[in-house]
Each structure stands twice: as structure tokens, then as C-alpha cells.
Amino acid sequence: MEDISIKAYAKINLTLDITGRREDGYHLLRSIMQQISVYDVVELKKADDISLKVVSSNASGLSHEVVPEDARNIAWKAAELILKEAGISGGVEIILHKNIPAAAGLAGGSTDAAAVLRGISRLYGLGYDSGKLCELGVKLGADVPFCILGGTALAEGIGDKLTVLPSPEKAYILLAKLPVAVSTRQVYEAYDALSVTEREDLSGRLTELLMDHGADIKAVSACLMNVLAEVTQDQYPVIGQMAGKMKELGAEGALMSGSGPSVFGLFADEIMVNKACDAMKKSYPDAFCTVCGFIGGEEND
Ligand code: ATP
């Protein structure tokens, strides 16, 4: 095999709670992560050296100007890591067709890195299983192992301890992101300065629901929570307003994903979600807005 093309799906956090901090400063999470059908296409071709090109789809609000085209790109780092691990002297030409908004709380970089690991394993016939790929992936970033497994999972530890879950029942997702780039590190620092009160373990509740008999859109919506939403919304009140607007437009639930600024709304009805998408585009002309769905683990090939 000389070249390969892989879909690298984005994720949203249906729940995101912080349960503590490790001695090295990393935050301990409890989060239900869910892949969605917004994806980058990662093209890989055998070559003598590593090279990387970013091709941005031209939709507004994507913030792709922050994506580096050199060794700082996490996809490049993933290639370096796996080639070194396998003792391969050759390289790979990487073309990232970016559709996932960057610095958005959608794991855009992590999913590209996961696709590069999976792709190079196939391209060079390494035969690494997902356990081995996750072991490499966590060295690149805490979200990379989830992006390797895909589908739906409860993430604990720094986000790397994963329990694979059945996906929720079908829903239509409206995803919106303003053209502001949020720094994940700054959001966590601001969170640390807050005194956070007791709250219900909605990650645990949703895990039980999904494991027992599945969760429909109403059940999932009742469990949505993100402790970082307050912090990011303090900085950008418009994010909270966008979630409110989605609910007005018929979403069963709406929430910021990760450290933001992306916001998603869950809809039961296709006509309603498309109307809501048009209305969001009118209200927030600079924003990236799209309709997508959940991706199950078996679709993350
Ligand atoms: P996460 O949810 O994992 O914290 P995110 O979705 O908020 O990530 P990314 O899209 O991964 O954010 O971008 C975070 C930063 O990573 C960007 O500011 C960008 O400079 C850098 N970066 C490096 N490689 C990539 C890549 N392949 N795609 C996007 N961003 C990248």
C-alpha cells in the first residue's frame, strides 16, 4: 500500500466534570465523549521524509489560521512518534483537509493525530492493535486514545482511561462555533481559581443509562453538563446566549463542548434542526454552523 485516506471525526463532551488534580498539575476528568460526523480527511502517502500541508475548507468561523504546517502540528508529531517506535527510516506526506473548527473544544488536533497513528500502522503494515496505538497516542495528548477508539466512551483519569459505551439513540446535532479561539490551558487555570460546589455525577448517570437500556435524546439532554462552561461563558457571554438560542429553536438540550467555544444542541427532528441551523446562521453570521449526527465506534475505521 502506498497511500491511504482516513476520516478523522471530531468529538463533543456530553458531560465534562473535573474531579481533582494530579500532583503533576494535570486535571482529573470524568467525561462522556461522543464522536460526531464532522471530520477532517487525513491523506497519507509513503515518502522519504515527513511533510505536512493543511487544506482548509472555506466555511466561516473555522479558525484554521492557528493550525501549524510544520513539526509543531500534532499530526506531524504522531508520524514522528510511530515511525520511531517501529524503527522505520522512511517518512510520510501528510495532507490535512480540515473541516473541524480549530481550538474549538472538538479535539480537532487529537483526531488528526489518531488518524495518522492508525494510517501509518496500515501503510507500513505494522499491525498495531488499538491498545498499542492508544499507548502511543496518550504521549501526544490526553484526547488521542479516545479518538483512536471512537464512538462513545466514559473518559476518566486525565481523559485516557476509557470505558467504551453503547452510543445514544439517533439525534440531530446542531454544532456552532464563533470565530474566537479559546485557550484550553487558560480555561483550566480560570476554573482552578473558582470554588466549585457539589454537583450530581451526571457522567455516572448517563453511563448507567447507556449501559442498561440505551438513552434517547430526552435522557441524554437531561444529563448534559460541563463544569468549564461557566468559565468560558464568563469570558464570552455570547456562548451561553448561543446555547439559549438553540433551546429556543427547539433543542432538547444545548451545551458548550470541552473548553469551548463550540456549542451543540440536540434535536429530535430533522426539519427542526435544519431550520434552527438557518436561524443560527442569520443570528451569528460569523459563526461556523452545521448539522451532524453521532458516530458509533464501528464507524470509526
Ligand atoms: P481539545 O478539545 O483536544 O483540547 P481543541 O479542539 O480545543 O482540542 P484543536 O483544534 O486541537 O483544539 O487545536 C488546539 C491547538 O492545537 C490549536 O491552537 C493549534 O495551534 C494546535 N494544533 C496542532 N496541530 C493541530 C491540528 N492538526 N489541528 C488543529 N490544531 C492543531
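Because the structure is predicted, anything quoted here is derived from the model rather than measured.

Here's the deal with the environment of Gly-90
With respect to the helices and strands, Gly-90 occurs in the loop between helix H1 (74–86) and strand E4 (91–98). Setting aside residues up to four positions removed in sequence, Gly-90 forms contacts with Ala-47, Asp-48, Leu-83 and Tyr-124.

Quick word on the sheet that holds strand E9 (residues 253–256)
Ordered by their spatial adjacency, 4 strands build an open sheet running E9-E10-E7-E11, and the pairing between neighbours is antiparallel. Of all strands in the sheet, those bounded by a partner on one side alone are E9 and strand E11 (288–292). In this sheet, neighbouring strand axes are inclined to one another by 15° on average, regardless of whether the strands run parallel or antiparallel. Relative to E11, strand E7 (residues 172–177) runs antiparallel, the two sharing 5 bridges. Directly across from Ala-176, in E11, lies its bridge partner Cys-289.

Notes on the site of the ligand
Contacts to the ligand come from 20 residues, most closely from Val-66, Gly-105, Ala-107, Gly-109 and Asp-143. Asn-73 is positioned with one of its side-chain polar atoms (N or O) 2.9 Å from a nitrogen atom of the ligand. Contacts to the ligand include Ile-74, whose backbone N or O atom sits 3.1 Å from a nitrogen atom. Against a free-state accessible area of 620 Å², the protein chains account for coverage of 78% of the ligand. When atom positions are compared with the pocket grids, the ligand is found to occupy the largest pocket. Within the residue set of the shell around the ligand, elements represented by two or more residues are E4 and helix H2 (108–123). The element contributing the most residues to the shell around the ligand is H2, with 4 residues. Its residues assigned to classes, the shell around the ligand shows 10 nonpolar, 6 polar and 4 charged.

A closer look at the pairing of strand E6 (residues 161–165)
In terms of strand pairing, strand E5 (residues 152–156) meets E6 through 5 bridges, oriented antiparallel. If you follow Leu-154 over to E6, its bridge partner there is Thr-163. Adjacent in sequence and paired antiparallel, E5 and E6 are bridged by 4 residues, among which Gly-157 carries a positive phi angle near 65°.

Some words on the layout of surface pockets
It is the rolling of a water-molecule-sized probe over the atoms that shows where space remains empty. Quantified by volume, the largest pocket comes out at close to 1,400 Å³. Contributing to the lining of the largest pocket are 47 residues, with Ser-110, Gly-141, Ala-142, Asp-143 and Thr-184 lying nearest its centre. Broken down by secondary-structure element, the contributors of at least two residues to the lining of the largest pocket are strand E1 (3–21), strand E2 (27–47), H1, E4, H2 and helix H5 (184–192). When residues in the lining of the largest pocket are grouped by element, the largest group, 5 residues, is from H5. Residue composition of the lining of the largest pocket, by class: 22 nonpolar, 14 polar and 11 charged. Both domains that furnish three or more residues to the lining of the largest pocket are identified here as domain 1 (3–164) and domain 2 (172–299).

Observations concerning H1
Residues spaced three or four apart along an α-helix face the same direction, because each turn holds 3.6 residues. The terminal C-alpha atoms of H1 lie 18 Å apart, and with 13 residues this matches the ideal 18 Å at 1.5 Å per residue to within 8%. Every buried residue of H1 is accounted for by Ala-75, Trp-76, Ala-78, Ala-79, Ile-82 and Leu-83. One side of H1 holds all its buried residues, which, seen down the axis, span an arc of 155°. Residues of H1 that are buried make contact with strand E3 (51–56), E4, H2 and helix H3 (130–137).

What to know about the pattern of salt bridges
Tallied over the full model, the rule gives 11 salt bridges. For Asp-201, the salt bridge goes to Arg-30, with nearest N and O atoms at 2.9 Å. Of this pair, Asp-201 sits in the loop between H5 and helix H6 (202–213) while Arg-30 sits in strand E2, placing them 171 residues apart in sequence. On the accessibility criterion, Asp-201 (36% relative accessible area) is partly exposed.

Topic: the domain arrangement of the chain
Domain annotation of the chain identifies domain 1 (3–164) and domain 2 (172–299). Computed from C-alpha atoms alone, the centre-to-centre distance between domain 1 and domain 2 is 21 Å. The interface is formed by 38 residues belonging to domain 1 together with 47 residues belonging to domain 2. Summed over both sides, the interface between domain 1 and domain 2 buries roughly 3,000 Å², with carbon and sulfur atoms accounting for 61% of that surface. Sorting the residues of domain 1 by area buried against domain 2 places Leu-14, Leu-16 and Ile-18 first, and these three jointly supply 19% of that buried surface. At the surface where domain 1 touches domain 2, the tally comes to 3 salt bridges. Among the salt bridges present, the one from Arg-21 reaches Asp-192, with a minimum N-O distance of 3.1 Å. At the surface where domain 1 touches domain 2, the tally comes to 19 residue pairs in polar contact (both at pLDDT 80 or more). Contributing elements (two or more residues each) for the side of domain 1 that touches domain 2: E1, E2 and E5. Looking at the side of domain 1 that touches domain 2 residue by residue, the classes come out as 18 nonpolar, 16 polar and 4 charged.

So, how was this worked out
- Residues numbered from 1 in each chain as written.
- Predicted model: local features only at pLDDT ≥ 70, side-chain atom pairs only at ≥ 80, totals over all residues.
- Heavy atoms only, no water.
- Helix = DSSP H or I, 4+ residues; strand = E, 2+ residues; numbered from the N terminus.
- Contact = heavy atoms within 4.5 Å.
- Pairing = 2+ DSSP bridges.
- Axes fitted to C-alpha atoms, helices over the stretch in contact; angles between N-to-C directions.
- Near = heavy atom within 4 Å.
- Polar contact = N/O pair within 3.5 Å; in protein donor to acceptor, adjacent residues only side chain to side chain.
- Areas by Shrake-Rupley, 256 points an atom, 1.4 Å probe, with all protein chains shown as cover.
- 1 Å grid on protein atoms, 1.4 Å probe; cavity = no way out; pocket = protein on both sides within 12 Å on 5 of 7 lines; lining within 4 Å.
- Sits in = over half its atoms within 2 Å of the grid points.
- Nonpolar A, V, L, I, M, F, W, Y, C, P; charged D, E, K, R; others polar.
- Points joined across faces, edges and corners; volume = space filled by probe spheres on them.
- Domains from an automatic or database assignment.
- Expected span 1.5 Å × (residues − 1).
- Buried < 20%, exposed > 50% of the residue type's maximum accessible area, 1.4 Å probe, protein only.
- Arc of directions from axis to C-beta.
- Salt bridge = Lys/Arg side-chain N within 4 Å of Asp/Glu carboxyl O.
- Buried area = accessible area lost by both parts, 1.4 Å probe.

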